[in-house]
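# Structure at a glance
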Amino acid sequence: MTLSRRHFLSGSAQLTFAAPLLAATAPLLDAPPAGIDYSQITKPFVGKKVSAKDITQQDIGGLALFAGSGCNVVGLQSPQGALLIDGGQAVNAALLLQAVHARLGTRRIGALINTHWHPDQTGLNESAGKDGATIISHEVTKLAVGRKLRSPLFDGTIGPLPQTARPTKTTYDAGEFDFAGEQVQYRHLPGAHTGGDLYVYFPKRNVLVAGGLVTSDRWPVMDYLNGGFMHGFVRSYDMLSELVKPDTRVIPANGPVMTGAELVKMKDLYWQLFKQFFVLFNKGFGPVDVAQFNAGKEFKGVVPVVAERPLLGNPLLQQLGDPSQFLEFAFRSTQLATLPF
Ligand SMILES: [Zn+2]
């Protein structure tokens, strides 16, 4: 677009009038508003240190599941070392590795898959790099761990990870490999929880490691500033629903193991919410309004707001807790993806 001379002149005139006002208000910007602790967003993310007894172990179809170090971590042994999917938080890496090697009888990490770049998942990358392991991820995850980033899901700054801790094998779509005589498949879930999510599937065992979009002890809050958005989230739930059988064991990012049937139920609920979002979107609702509407609040407008409220009385509230943050972030992501900024 080229600016006409008339527009240019009127723009300049506005600037001339605006300048003294800016000068008068500028000193106020030097002091941050009272009550906001800005150090929280400039300090590096640390994580939550746990003790050895907090790391629990379980057998899921012959795979070892370790919980408590920041996310669910899945392990499988081979003579070349352990295959691990995700790694908990770095602050718990030593404790987790101790538990992994004791359980699997391994001495090194042979391969590590990052389902996404968040610090709950990438805490073993440095150890894996030192062991000379193959580190597999989506290309977006590799780019993300090479930078200093912020996420609305974590306090402070995250990364970059040192060069040795970064993925050595990436995909944009899907891949598979043979590990200790067993097929391991992984595939991109587009725009689900971040911009670079992978699921990992063990066909022989009928076990799915779902990645960040599936949780069973909290709501799967999406990182709407780093590529996660509701459209991709429901599309990715469709992909997982097509992959699983009712009795598939689904290992979520956090929380107890689920079945394929339970995952499909969640998919149906998320689709209902997605459709509701567009009704509320067209009524001019904001993210907080959406959370309140789903909690039962009535909104009085010129015309009544008619939309389904699938969360009212839904047993998932007992299981996953307060959905406000999930709803707010999911709706924000819908706004970001839909409004023509
Ligand atoms: Zn995550």
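Description of the structure in this document. Not measured: the values here are computed from a predicted model. Per chain, residues are indexed from 1 in the order of the written sequence. Local features in this predicted model are restricted to residues whose pLDDT is 70 or higher, and side-chain atom pairs enter the listing and the counts only when it is 80 or higher, whereas totals over whole chains, interfaces and linings include all residues.

Counting from the N terminus, the helices are DSSP H or I runs at least four residues long and the strands are E runs at least two residues long. Along its length, the chain carries 10 helices and 13 strands. Burial analysis of the chain (341 residues in total) assigns 42% to the buried set. For the chain, restricting intrachain contacts to residue pairs at least 6 apart in sequence, the fraction spanning at least 24 positions comes to 64%. Neighbour counting defines burial: a residue surrounded by 20 or more other C-beta atoms within 10 Å of its own C-beta is buried, one with 12 or fewer is exposed, and intermediate counts give partly exposed, using backbone-placed C-beta atoms. Each residue gets a C-beta atom placed from its backbone, and two residues are in contact if those atoms lie within 7 Å.

Turning next to the pairing of strand E6 (residues 134–138). Two faces, one strand: in a regular strand the side chains alternate between the faces of the sheet. Most of E6 is tucked away, with 4 of its 5 residues classed as buried. Examined bridge by bridge, strand E5 (residues 109–113) and E6 share 3 bridges and lie parallel to one another. Across the sheet, Leu-112 pairs through a bridge with Ile-135, a residue of E6. With respect to chirality, the unit in which E5 leads through helix H4 (residues 125–130) into the neighbouring parallel E6 is right-handed. Sheet topology note: the E6/strand E7 (residues 169–171) ladder contains 3 bridges and is parallel. Whether two strands pair comes down to DSSP finding at least two bridges between them. Note on handedness: a crossover is taken as right-handed if, strands pointing away from the viewer, the path from the first strand over the helix to the second is clockwise.

So, about the packing of helix H8 (residues 287–294) against helix H10 (residues 324–338). In the contact formed by H8 and H10, the axes pass within 8 Å of each other and the chain directions differ by 135°. When the interaxial angle is binned, H8 and H10 end up oblique. Helix-helix and strand crossings are classified by hand; for H8 and H10 the assignment is right-handed. Side by side, H8 and H10 meet where Pro-287, Val-288, Val-290, Ala-291 and Asn-294 of the first sit next to Ser-324, Leu-327, Glu-328, Phe-331 and Arg-332 of the second. Charged means Asp, Glu, Lys or Arg here, nonpolar means Ala, Val, Leu, Ile, Met, Phe, Trp, Tyr, Cys or Pro, and polar covers whatever is left, Gly included. A class-by-class count of the residues in the contact of H8 with H10 yields 6 nonpolar, 2 polar and 2 charged. Helix axes are fitted to C-alpha atoms over the stretch in contact, other axes to C-alpha atoms as well, and angles between N-to-C directions run from 0 to 180 degrees. Any angle between 65 and 115 degrees counts as roughly perpendicular, while under 35 counts as roughly parallel, over 145 as roughly antiparallel, and the rest as oblique. Take the far helix as your reference; a near helix turned counterclockwise from it by less than a right angle gives a left-handed crossing, and one turned clockwise gives a right-handed crossing.

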